[in-house]
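Structural characterization, general
So you can see what is in the structure, the chains are spelled out below.
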Amino acid sequence: MHDNNDIAIYIHWPFCKSKCPYCDFYKELYININQDDIINEYITSLYRYHELLPDRCVKSVFFGGGTPSLILPHNIEKILNTVCKLWPLYSDPEISLEANPNTDSATLFSDLKQAGINRLSLGVQALNDTDLHFLGRTHNTADARQCLEKIVKTFDNHSADLIYARPEQKLAQWHDELKEITSYGLKHLSLYQLTIEENTVFARKNIKPLSEDKALEMYKFSGDFLAAKNYPQYEVSNYAVPQFASRHNLTYWQGGEYIGIGKSAHGRLKINNKHIATVYPFIDEELTQQQRAEELIIMGLRLTKGIDKKTFKKICGLNLYDCINLSKLHILEELHLIKDTSDHLYATKCGFPVLNQIINELCV
Ligand SMILES: C[S@@+](CC[C@H](N)C(=O)[O-])C[C@H]1O[C@@H](n2cnc3c(N)ncnc32)[C@H](O)[C@@H]1O
Ligand code: SF4
């Protein structure tokens with residue numbers, strides 16, 4: 001649920017030390033970059049958003065990438081100081097940063113904590129050297145392990161990203177990686193199924209993904225294994241110790257307002273009852289109620305709890321049943337792929353692996 005004046009802030013840092021062959025995110029090589037200029041541009045942009053949204057209260061800030069662990073800690077502090085100067089903050093804001101093990105240094109994590117970061121998400125991706133090499137990562141398992149140990153010592157809230165369903169991966173190997181990653185005491189895990197995206201090096205090399213059956217077997221295994229380790233799934237790719245779901249990312253999935261700063265970042269705002277989509281630096285477009293409703297359905301069904309019907313109406317002003325195909329809904333219910341209760345609409349465990357098809361059927 002959202003209070004009317006909650007807002008999340010996403011800061012996108014598109015620079016990376018190298019480009020991973022599977023990655024389709026917007027990124028640039030970190031060469032000849034004047035960090036101070038970019039940080040000043042971000043700060044100017046925060047001021048501009050403040051003029052538009054002076055009465056908001058910031059509940060989370062997320063530094064995502066790219067590789068935001070390349071931002072010098074004093075620049076992180078500069079941005080966070082600006083946010084604090086412009087808006088009131090929740091008493092316990094979630095301030096996250098995505099780190100890549102290839103940027104580690106003796107004091108990186110303690111410096112980031114000192115700068116105001118209170119949640120660290122580490123891009124581990126694999127816990128064996130053959131697969132890290134295949135994924136084109138420039139860190140090895142020893143680096144990842146060292147970072148994992150440091151982040152659990154330094155922060156109270158932490159997460160790691162892993163990519164599974166790699167072409168040659170066996171379930172037994174994945175089991176070992178899950179066993180290891182759950183041994184560090186992290187509060188949150190994101191597990192992404194490897195996708196071969198168009199226009200990536202993997203696509204050009206014609207790398208074939210693991211078969212759908214095997215990928216599904218790994219997905220189901222992960223859910224059961226992590227639930228038994230006290231990481232229940234709460235979103236298609238996300239698992240957390242209870243109370244440690246990413247509050248920032250929940251904003252996207254639950255249709256809250258967020259500002260996007262940085263090249264290729266986008267935002268969603270509600271101003272004078274109008275739904276505004278922003279693309280950095282400030283191009284904006286008004287969304288119709290129906291467009292916003294469709295986004296809420298697509299995002300909300302990613303959550304295991306699904307769409308909260310009252311919140312849906314409060315955000316977009318429409319009844320959920322007026323925005324979905326009801327005859328398809330009944331068929332999906334009969335197939336046990338979706339469940340419709342008095343207050344929520346959600347995809348079942350069987351429905352989750354075919355979520356995209358479910359959404360295509362429901363959204364007309
Ligand atoms: C925006 S990326 C940034 C993370 C950070 N730069 C890093 O690489 O560690 C967020 C996550 O998306 C996942 N990801 C990126 N491309 C993917 C792909 N093609 N298939 C599956 N997961 C992918 C990775 O797990 C990655 O950590
Ligand atoms: S996966 Fe991360 S480090 Fe690799 S290119 Fe993409 S954003 Fe950069």
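What you see is a predicted model, and the numbers here were worked out from it, not measured in a lab. (Residues numbered from 1 in each chain as written. Chains lettered and ligands numbered in written order. Predicted model: local features only at pLDDT ≥ 70, side-chain atom pairs only at ≥ 80, totals over all residues. Heavy atoms only, no water.)

Moving on, we get to the pairing of strand β17 (residues 344-347). As a general feature of sheets, a regular strand has side chains that alternate between the two faces. Along β17, the buried face is formed by Leu 345 and Ala 347; none of His 344 and Tyr 346, which line the opposite face, is buried. In terms of strand pairing, strand β15 (residues 307-308) meets β17 through 2 bridges, oriented antiparallel. Residue pairing across strands places Asp 308 opposite His 344, the latter belonging to β17. By the bridge criterion, 3 bridges tie strand β16 (residues 338-340) to β17 in an arrangement that is antiparallel. Following the sheet pairing, Lys 339 is matched in β17 by Tyr 346. Once β16 ends, the chain turns through 3 residues before running back antiparallel as β17. (Buried < 20%, exposed > 50% of the residue type's maximum accessible area, 1.4 Å probe, protein only. Helix = DSSP H or I, 4+ residues; strand = E, 2+ residues; numbered from the N terminus. Pairing = 2+ DSSP bridges.)

What follows concerns the site of ligand 1. Close to ligand 1 lie 17 residues, the nearest being Gly 66, Gln 125, Arg 137, Asp 161 and Thr 195. Between ligand 1 and Thr 195, the relevant distance is 2.9 Å, taken from a nitrogen atom to a main-chain nitrogen or oxygen of the residue. Coverage of ligand 1 by the protein chains reaches 90% of its 560 Å² of free accessible surface. Elements with a contribution of two residues or more to the shell around ligand 1: β6 (119-125), β7 (157-164) and β8 (188-193). Classifying every residue of the shell around ligand 1 gives 5 nonpolar, 8 polar and 4 charged. (Near = heavy atom within 4 Å. Polar contact = N/O pair within 3.5 Å; in protein donor to acceptor, adjacent residues only side chain to side chain. Areas by Shrake-Rupley, 256 points an atom, 1.4 Å probe, with all protein chains shown as cover. Nonpolar A, V, L, I, M, F, W, Y, C, P; charged D, E, K, R; others polar.)

Now for the domain arrangement of the protein. According to the domain assignment, the protein contains domain 1 (6-250) and domain 2 (293-364). The centre of domain 1, based on its C-alpha atoms, is set 28 Å off from the matching centre of domain 2. Every contact between the two is made by 9 residues of domain 1 and, on the other side, 7 residues of domain 2. Of the roughly 670 Å² buried between domain 1 and domain 2 on both sides combined, carbon and sulfur atoms contribute 61%. (Domains from an automatic or database assignment. Contact = heavy atoms within 4.5 Å. Buried area = accessible area lost by both parts, 1.4 Å probe.)

Another point: the site of ligand 2. In the region of ligand 2, the neighbouring residues are Cys 16, Ser 18, Lys 19, Cys 20, Tyr 22, Cys 23, Lys 27, Gly 66, Thr 67, Asn 100 and Arg 137. Classifying every residue of the shell around ligand 2 by side-chain character gives 4 nonpolar, 4 polar and 3 charged.

This part covers the packing of aromatic side chains. One pass over the structure, following the stated rule, counts 12 aromatic pairs. Consider the rings of Trp 13 and Tyr 42, whose centres lie 6.4 Å apart with planes at 80°: the pair is edge-to-face. Of this pair, Trp 13 sits in strand β1 (residues 6-13) while Tyr 42 is found in helix α1 (residues 35-52), placing the two residues 29 residues apart along the sequence. Of the two residues, Trp 13 and Tyr 42, both sit in the buried class. In textbook terms, an aromatic cluster arises when at least three aromatic residues are bridged by ring pairs, as seen for Trp 13, Phe 15, Tyr 30, Tyr 42 and Tyr 280. When the ring centre of Phe 244 is taken as origin, the NZ or CZ atom of Lys 187, which lies over that ring, is 5.2 Å away. (Phe/Tyr/Trp six-rings, centres within 6.5 Å; stacked < 30°, edge-to-face > 60°. Lys NZ or Arg CZ within 6 Å of the ring centre and 35° of its normal.)

Of all 8 residues that make up β7, 8 are buried, and the element is covered over most of its length. The two faces of β7 match: Asn 157, Ser 159, Asp 161 and Ile 163 on one face and His 158, Ala 160, Leu 162 and Tyr 164 on the other face are all buried. Note that β6 and β7 share 6 bridges and pair parallel. Its bridge partner lying in β7, Gly 123 is registered against Asp 161. Alignment of β7 against β8, held across 6 bridges, turns out to be parallel.

Following the criterion strictly, the structure yields 16 salt bridges and no others. One salt bridge in this structure joins Asp 55 and Arg 56, with 2.7 Å as the shortest N-O distance. For Asp 55, a relative accessible area of 49% puts it in the partly exposed group. One salt bridge connects Glu 295 with Arg 268, and the closest N-O pair in it is separated by 2.7 Å. Of the two residues, Glu 295 sits in helix α10 (residues 289-300) while Arg 268 sits in strand β12 (residues 266-271), which places them 27 residues apart along the sequence. Each of Asp 55, Arg 56 and Glu 257 takes part in salt bridges that share partners, so that together they form one network. (Salt bridge = Lys/Arg side-chain N within 4 Å of Asp/Glu carboxyl O.)

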